[in-house]
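# Residue-level structure breakdown
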Amino acid sequence: MTQTLVLYDTLSNLPGNNWSPNPAKPRFILSYKGLPFVTVWVEYSDISVAMKAIGAKPNKRSDGTDVYPVPVLSDPNTGALITDSLEIASYLEKTYPEKAIFPNNSESLIRDPTSAKFFIGVRSIDVPLPWDATYGEDWALLEKGYNTAYEWYQKTDGKWFMGDTFSYADIIVACRLLWFKRVLKEDEWVRISSWHGGKWAQLLADVEKECKLA
Ligand SMILES: N[C@@H](CCC(=O)N[C@@H](CS)C(=O)NCC(=O)O)C(=O)O
């Protein structure tokens, strides 16, 4: 029987805690694959010290210094301790291949620099907090990112990024949306929800349902 995996995530004052987009990605995968897991919630200010203390590997900041972020996944079934949402996704797919999240060799697509278009598009959805009245221009940028993502979604017949095939790409998009939904003021989320005929609120709801998190 599979032993319970441990996901390290960061706390919030929101009901249910869950808000941060990168730790949300492994949460969606664990739930999608039906793996038993618990969450250890870490105060944002304690993340670095706490993750170093459990022996997690650091990531590199752009200036080359170490950072010890969440998510981190501990798997007592194998002894693995993995840092970084994409590394965790790879690990889970390799170790628990049932209910694939990288169908059609899409992991190499996400990792391949020549396929960066995909990733840049997903990243261009990313606009830093805080969201306030000065966001006029960034709203335009954000909407542009979603226009691009919408075009990609329109290129297939099904509701997922790969048509009828659910994949990690949908989880990435959904986790960004989840973050917006959780941290933005309600009217700001309503604004995003109104784009493309309600596509984004629907996609988030669909991915939550597919991952049994709804
Ligand atoms: N590339 C990492 C980024 C993770 C990340 O940015 N984590 C934030 C919380 S969402 C963090 O732990 N920051 C801690 C810090 O900066 O000290 C991933 O995808 O997992």
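Quick caveat: nothing in here was measured; it's all calculated off a predicted structure. Numbering of residues begins from 1 in every chain and follows the order in which that chain's sequence is written. In keeping with the predicted nature of the model, local features appear solely for residues at pLDDT of at least 70, side-chain atom pairs appear and are counted solely at 80 or more, and the whole-chain, interface and lining totals rest on all residues. In computing side-chain properties, one takes all heavy atoms of the structure into account and sets aside hydrogens as well as water.

### Description of the packing of helix α7 (residues 168-183) against helix α9 (residues 199-210)
What describes two packed helices is the angle between their axes and the distance between those same axes. Where we set the bar: Angles run from 0 to 180 degrees between N-to-C directions of axes, and those axes are lines fitted to C-alpha atoms, restricted for helices to the stretch in contact. Segments assigned H or I by DSSP are reported as helices when at least four residues long, segments assigned E as strands when at least two residues long, and all are numbered from the N terminus. Working definition: roughly parallel below 35 degrees, roughly antiparallel above 145 degrees, roughly perpendicular at 65 to 115 degrees, and oblique for all remaining angles. By the definition used in this description, the sense in which the near helix is turned from the far one sets the handedness, with an anticlockwise turn below a right angle giving left-handed and a clockwise turn giving right-handed. Throughout, a residue-residue contact means that at least one pair of heavy atoms, one from each residue, lies within 4.5 Å. Classification used: nonpolar for Ala, Val, Leu, Ile, Met, Phe, Trp, Tyr, Cys and Pro, charged for Asp, Glu, Lys and Arg, polar for all others including Gly.
Relative orientation of the contacting elements α7 and α9 amounts to 115°, with a least axis distance of 9 Å. Our classification of the angle between α7 and α9 gives roughly perpendicular. Crossing geometry of α7 relative to α9 is assigned as left-handed. Residues D170, I171, V173, A174, L177, L178 and K181 of α7 form the contact with α9, whose participating residues are W200, L203, L204, V207 and E208. Tallied by class, the residues present in the contact of α7 with α9 amount to nine nonpolar, no polar and three charged.

### Re the sheet that holds strand β5 (residues 72-75)
Put simply, the test is: For two strands to count as paired, DSSP must find a minimum of two bridges between them.
Overall, mixed pairing links the four strands, which are arranged β2-β1-β5-β6 in an open sheet. Looking along the sheet, the strands with just one partner apiece sit at the ends: β2 (37-42) and β6 (80-83). Each strand axis lies, on average, 20° off the axis of its neighbour in the sheet, ignoring direction. Sheet analysis places strand β1 (residues 5-10) next to β2, joined by six bridges and oriented parallel. In the strand pairing of β2, T10 is matched with V42. Together, β1, β2 and β5 form the strand contacts of helix α1 (residues 21-32), whose direction differs from that of β1 by roughly 150°.

### Concerning the side chain of S167
Along the polypeptide, S167 turns up in the loop between α6 (136-154) and α7. If we skip the residues at most four places from it in the chain, S167 touches I101, P103 and M162.

### Overview of empty space enclosed by the protein
One simple way to see leftover space: roll a probe sized like a water molecule over the atoms. The cut-off we apply is this: Grid points spaced at 1 Å and placed over the protein atoms alone form the basis of the search, with a cavity being a set where a 1.4 Å probe fits but cannot get out and a pocket an open set showing protein on both sides within 12 Å along at least five of seven lines. Lining residues have an atom within 4 Å of a point. Grid points are joined across faces, edges and corners, and a volume is the space filled by probe spheres set on the points.
Under the criterion given, the structure shown has one cavity of 30 Å³ or more. Taken as a whole, the largest cavity holds about 50 Å³ of empty space. Together, eleven residues line the largest cavity, and S106, I110, M162, S167 and A169 are the ones closest to its centre. Among the elements of the structure, α4 (106-111) and α7 are those that each provide at least two residues to the lining of the largest cavity. No other element matches the three residues that α4 contributes to the lining of the largest cavity. A breakdown of the residues in the lining of the largest cavity according to their chemical character gives nine nonpolar, two polar and no charged.

### Section: the pairing of β6
Where β5 and β6 come together, four bridges link them in antiparallel fashion. When the bridges of β6 are listed, L73 appears paired with I82. Linking β5 to β6, which pair antiparallel, is a turn of four residues; within it G79 sits at a positive phi near 85°.

### Here we look at unusual backbone geometry
Selection criterion: Accessibility here uses a 1.4 Å probe with only protein chains present; expressed as a share of the type maximum, an area under 20% marks a residue as buried, one over 50% as exposed, and anything in between as partly exposed.
In this chain, V70 is followed by P71 through a cis amide linkage whose omega measures 10°. Mapped onto the secondary structure, P71 falls in the loop between β4 (66-67) and β5. The phi dihedral of N17 is positive, around 65°, even though this residue is not glycine. By the element assignment, N17 lies in the loop between β1 and α1. Judged by relative accessible area, which is 16%, N17 ranks as buried. Positive phi is not limited to glycine here, since H196 has a value of about 50°.

Geometry only, nothing functional implied.
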